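# Analysis of the macromolecular model
These are the residues of each chain, in order.
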Amino acid sequence: MTLKLNGSSSGSVAIDAPASTTSGADITFKLPVADGTAGQVLSTDASGNFSFVGNTPTWFASQASAQSVSNDTQTEITALTANQITVGGGWDGTNGTFTVPSGGAGVYYVFGAVGIDDLDADERLHVKFKKNSTQTSWYGSIHPGSGISNDILMAQITGMISLGVGDTLKITAWHNEGATQETEESRTWFGGYRLIGA
């Protein structure tokens, strides 16, 4: 069956129902009560209700100022307020946290890097993501060989992670230099975007 809407002066738009539905069920779709805002998309709640929601959540920022990272301590990276790009809400660069907004659940591609100053040969720098209060099992790492002395090292990490509404995500860094060291803000960043909704 086809529902055809004629244009006010010419042309038409038609909506066709499929030849049959799953299990022959009757399906009703309920449209939103008002128009959305620019950039929003039509979303379903899987119960036949449509609403306008923000575009794919996206964020990116680099570090605005150096931060101390203690020896042998997985440290949450903050002050990610430089060069910010955000779409769809959820990003707080001051504490370096992405919180999944309403309608933003799904699988995300995430990436980041942390630079640490004054590391020497055979010392390590690890970078991880932290979902809610749990570190991810995978990490990025750099472990230089001989010939490095008081150098700036940078470890990078990428991955995909499933996030639900209200989940938080941060980037953390760890090193074993033996003393507290500073991040290099020009080599420290964090970002991500949703690949597919839940």
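Each remark here, short or long, concerns the structure printed above.
Our subject in this report is the structure included herewith. Please read these numbers as outputs of a predicted model, since none were measured by experiment.

The rules behind each value
Residues numbered from 1 in each chain as written. Predicted model: local features only at pLDDT ≥ 70, side-chain atom pairs only at ≥ 80, totals over all residues. Heavy atoms only, no water. Helix = DSSP H or I, 4+ residues; strand = E, 2+ residues; numbered from the N terminus. Rg over C-alpha atoms; globule rule 2.2 N^0.38 Å. Buried < 20%, exposed > 50% of the residue type's maximum accessible area, 1.4 Å probe, protein only. Contact = heavy atoms within 4.5 Å. Areas by Shrake-Rupley, 256 points an atom, 1.4 Å probe, with all protein chains shown as cover. Lys, Arg positive; Asp, Glu negative; His and termini not counted. Charge placed at Lys NZ, Arg CZ, Asp CG, Glu CD. Core = buried A, V, L, I, M, F, W, Y, C linked by side-chain atoms within 4.5 Å. Pairing = 2+ DSSP bridges. Axes fitted to C-alpha atoms, helices over the stretch in contact; angles between N-to-C directions. Salt bridge = Lys/Arg side-chain N within 4 Å of Asp/Glu carboxyl O. Patch = residues over 30% accessible without salt bridge, like charges linked within 9 Å, V, L, I, M, F, W, Y side chains within 5 Å. Polar contact = N/O pair within 3.5 Å; in protein donor to acceptor, adjacent residues only side chain to side chain.

### What to know about the overall build of the protein
A tally of regular secondary structure across the protein gives zero helices and 18 strands. Taking 198 residues into account, the globule formula puts the C-alpha radius of gyration at 16 Å, and the protein, at 23 Å, lies well above it. The principal-axis extent of the C-alpha atoms belonging to the protein is close to 75 × 40 × 25 Å. Looking at the protein as a whole, 32% of its 198 residues are labelled buried. When contacts within the protein are restricted to residue pairs at least 6 apart in sequence, long-range pairs at least 24 apart make up 65% of them. When the accessible area of the protein is evaluated, it comes to approximately 11,000 Å², of which 50% is carbon and sulfur surface. With 9 positive and 18 negative side-chain charges, the protein shows a separation of 12 Å between the mean positions of the two kinds.

### So, the nonpolar core
One finds Trp59, Tyr108, Leu169, Ile171 and Phe190 to be the most contacted residues of the largest nonpolar core, which totals 25 residues. Of all the secondary-structure elements, those providing two or more residues to this core are β5 (58–62), β11 (106–119), β12 (125–131), β15 (151–163) and β16 (168–175). Filtering out sequence-adjacent residues up to four positions away, Tyr108 remains in contact with Pro57, Trp59, Phe98, Val100, Gly159, Met160, Ile161, Leu163, Tyr193, Arg194 and Leu195.

### Some points on the sheet that holds strand β8 (residues 82–87)
The five strands are arranged β8-β5-β18-β11-β15 in an open sheet whose pairing can be described as antiparallel. With partners counted over all chains shown, the strands left at the sheet margins are β8 and β15, one partner each. When strand polarity is set aside, the average angle formed by the axes of neighbouring strands in this sheet is 10°.

### So, the pattern of salt bridges
When charged atoms on two side chains of opposite charge get close, those side chains can pair. On inspection of all chains with the given rule, the structure shows two salt bridges. For Lys130, the salt bridge goes to Glu76, with nearest N and O atoms at 2.6 Å. Here Lys130, found in strand β12, pairs with Glu76, found in strand β7 (residues 75–76); they are 54 residues apart in sequence, far enough to count as distant. Classification of Lys130 as buried rests on a relative accessible area of 16%. For Glu76, a relative accessible area of 27% puts it in the partly exposed group. Here Lys170 and Glu76 are joined by a salt bridge, their closest N and O atoms 2.9 Å apart. Taken as a pair, Lys170 in strand β16 and Glu76 in strand β7 lie far apart in primary sequence, 94 residues in all. One network of salt bridges, in which partners are shared, links Glu76, Lys130 and Lys170.

### Details of the pairing of strand β2 (residues 12–16)
With zero of five residues buried, β2 is to be regarded as a mostly surface element. As paired elements, strand β1 (residues 2–6) and β2 share five bridges and run antiparallel to each other. Looking at β2, one finds that Leu5 is bridged to Val13. In textbook terms, the turn of a hairpin is the stretch between consecutive antiparallel strands, and for β1 and β2 this stretch comprises five residues, one of which, Gly11, has a positive phi near 75°.

### As for a nonpolar patch on the surface
Taken together, the side chains of Leu3, Leu5, Val13 and Ile15 present a nonpolar region at the surface, about 390 Å² in accessible area. Take Val13: it is sitting in strand β2. Given the relative accessible area of 55%, Val13 is considered exposed.

### Things to note about the side chain of Thr183
Residue placement: Thr183 occurs in the loop between β17 (181–182) and β18 (189–197). At 2.8 Å, the side chain of Thr183 forms a polar contact with the backbone nitrogen of Gln67. Ignoring anything within four residues of it in the chain, the contact list for Thr183 reads Gln63, Ser65, Ala66, Gln67, Val69, Ile77, Val114, Gly115, Ile116 and Thr188.

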